Amino acid sequence: MKYLVLDDEILAGEYLKSLLLEIDKTAEIVVVNNPIQALESIKQQFNVCFIDIQMPGLNGIEFATRLKKIYSKINFIFVTGDSNFMGEAFKLDASDYIMKPVDIEQIRHALENLRYSVSKDEIKKGRIEITCFGNFDVLIDKKPVKFKFEKTKELLAYLVHRRGARCTAKEIIANLWEEDGHDSYYRMLKKDLQDVLNELGCGNIIYSERGQIGLSRLEDIQCDYFKWRENSVEGKKLYHGEYMSQYSWGQEINAFLDMEKYQNKD
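Residues numbered from 1 in each chain as written. Predicted model: local features only at pLDDT ≥ 70, side-chain atom pairs only at ≥ 80, totals over all residues. Heavy atoms only, no water.

A few words now on the sheet that holds strand E3 (residues 48–51). Reading across the sheet, the 5 strands line up as E2-E1-E3-E4-E5 and stay open at both edges, with parallel pairing between neighbours. The two strands at the open ends of the sheet, each matched to only one other strand, are strand E2 (28–32) and strand E5 (96–99). Between one strand axis and the next, the sheet turns through 15° on average, direction left out of account. Pairing analysis gives 4 bridges linking strand E1 (residues 2–6) to E3, with the strands arranged parallel. Paired with Leu6 across the bridge in E3 is Ile51. With respect to the sheet, helix H3 (residues 60–70) is in contact with E1, E3 and strand E4 (75–80), its orientation differing from that of E4 by roughly 175°. Strand contacts of helix H5 (residues 104–112): E1, E3, E4 and E5, with the helix running at about 175° to E5, the strand carrying the most contacts. (Pairing = 2+ DSSP bridges. Helix = DSSP H or I, 4+ residues; strand = E, 2+ residues; numbered from the N terminus. Axes fitted to C-alpha atoms, helices over the stretch in contact; angles between N-to-C directions. Contact = heavy atoms within 4.5 Å.)

Written out as structure tokens, the structure is:
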């Protein structure tokens, strides 16, 4: 399942994440320590939100109220040291109201008694399949992803090509346009990429901070090129002579893959 943990105390947020991972080994967890920043994450739909209440800038009740306007049936679990907001929390149809310090049995009990059930289809939502051999393509939940700009797809392709390496704007612009002067266009592409992935529930595969961008959570992405890099027998069989053939910056890797394939025949 996908969880949002919102707590302005960093250690408290990380501790709650560790408890969730003990209960749900395959959990996808986003921990946010600033409620204002957390509002940027709500385009990504979570199955369960664990929310502190007393936070600077925006308290947990206010945050949950905003989130409920977007997703009317979403599971809130408030984890707090303040009992004064219990009435307001349950007016928002909270699944539970846990007083700190929290323990694993409290979390387990809350997850076993969610107000809104989570179907298997919802849990599986957001499966990412990427093809690099031949033309680059990306499917999420078996459906082709459509971006506002065609160049956005190339931006994603380049991030896949770099396999999680942090890329600067200068590097990306140099490869996608082979010239300077495209900073504003690049910013539009980056926003389009993040908006589309957030809407499809996959926004957490993109790392973007301090002028750098890259893929994160590579383990959540099914990709033929990644399988090839793992040196698996299956991965080696997937390459048939083309790598991201629509993008000129992929030619060097394609030549390397060709050479590897030729040498392995001997």
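Let us look at the sheet that holds strand E9 (residues 167–168). Read across the sheet, 3 strands follow the order E9-E11-E10 without closing on themselves; strand pairing throughout is antiparallel. Unpaired on one side and paired on the other, E9 and strand E10 (206–209) mark the two borders of the sheet. Examined bridge by bridge, E10 and strand E11 (residues 212–215) share 4 bridges and lie antiparallel to one another. Counterpart to Ser208 in the pairing with E11 is Ile213. Running at roughly 135° to E10, helix H9 (residues 183–199) makes contact with E10 and E11 of the sheet.

This next bit is on H3. Residues Gly60, Ile61, Phe63, Ala64, Leu67 and Lys68 constitute the buried set of H3. Summarising the axial view, the buried residues of H3 lie within an arc of 155°, below the 170-degree limit, and thus occupy one face. With a side-chain oxygen lying 3.0 Å from the backbone nitrogen of Ile61, the N-terminal cap of H3 falls on Asn59. (Buried < 20%, exposed > 50% of the residue type's maximum accessible area, 1.4 Å probe, protein only. Arc of directions from axis to C-beta. Polar contact = N/O pair within 3.5 Å; in protein donor to acceptor, adjacent residues only side chain to side chain.)

Turning our eyes to something else, we now look at unusual backbone geometry. In this structure, Pro101 follows Lys100 across a cis peptide bond, with omega equal to 0°. Along the polypeptide, Pro101 turns up in the loop between E5 and H5. Unlike most non-glycine residues, Glu178 shows phi in positive territory, near 60°. Considering the arrangement of structural elements, one finds Glu178 in the loop between helix H8 (169–176) and H9. Located in the positive-phi region is Met244, a residue other than glycine, with phi close to 45°. When you line up the elements, Met244 lands in the loop between helix H11 (233–238) and helix H12 (251–265).

This part covers the pairing of strand E7 (residues 137–140). Taking every second residue as pointing to the same face, the buried face of E7 carries Val138 and Ile140, while none of Asp137 and Leu139 on the other face is buried. Bridging between strand E6 (residues 128–131) and E7 involves 4 bridges; their strand directions are antiparallel. Across the sheet, residue Glu129 finds its bridge partner in E7, namely Leu139. From the end of E6 to the start of E7, which pair antiparallel, there are 5 residues, and Gly134 there has a positive phi angle of about 95°. Pairing of E7 with strand E8 (residues 143–144), which is carried by 2 bridges, proceeds in the antiparallel orientation. Its bridge partner being in E8, Leu139 is matched across the sheet by Pro144. Counting the residues between successive antiparallel strands, the hairpin from E7 to E8 contains 2 residues, one of them, Asp141, with a positive phi of roughly 55°.

This paragraph deals with a negative patch on the surface. Judged by side-chain charge, Glu178, Glu179, Asp180 and Asp183 come together as a negatively charged surface patch. With respect to the element layout, Asp180 can be found in the loop between H8 and H9. (Patch = residues over 30% accessible without salt bridge, like charges linked within 9 Å, V, L, I, M, F, W, Y side chains within 5 Å. Areas by Shrake-Rupley, 256 points an atom, 1.4 Å probe, with all protein chains shown as cover. Salt bridge = Lys/Arg side-chain N within 4 Å of Asp/Glu carboxyl O. Lys, Arg positive; Asp, Glu negative; His and termini not counted. Charge placed at Lys NZ, Arg CZ, Asp CG, Glu CD.)

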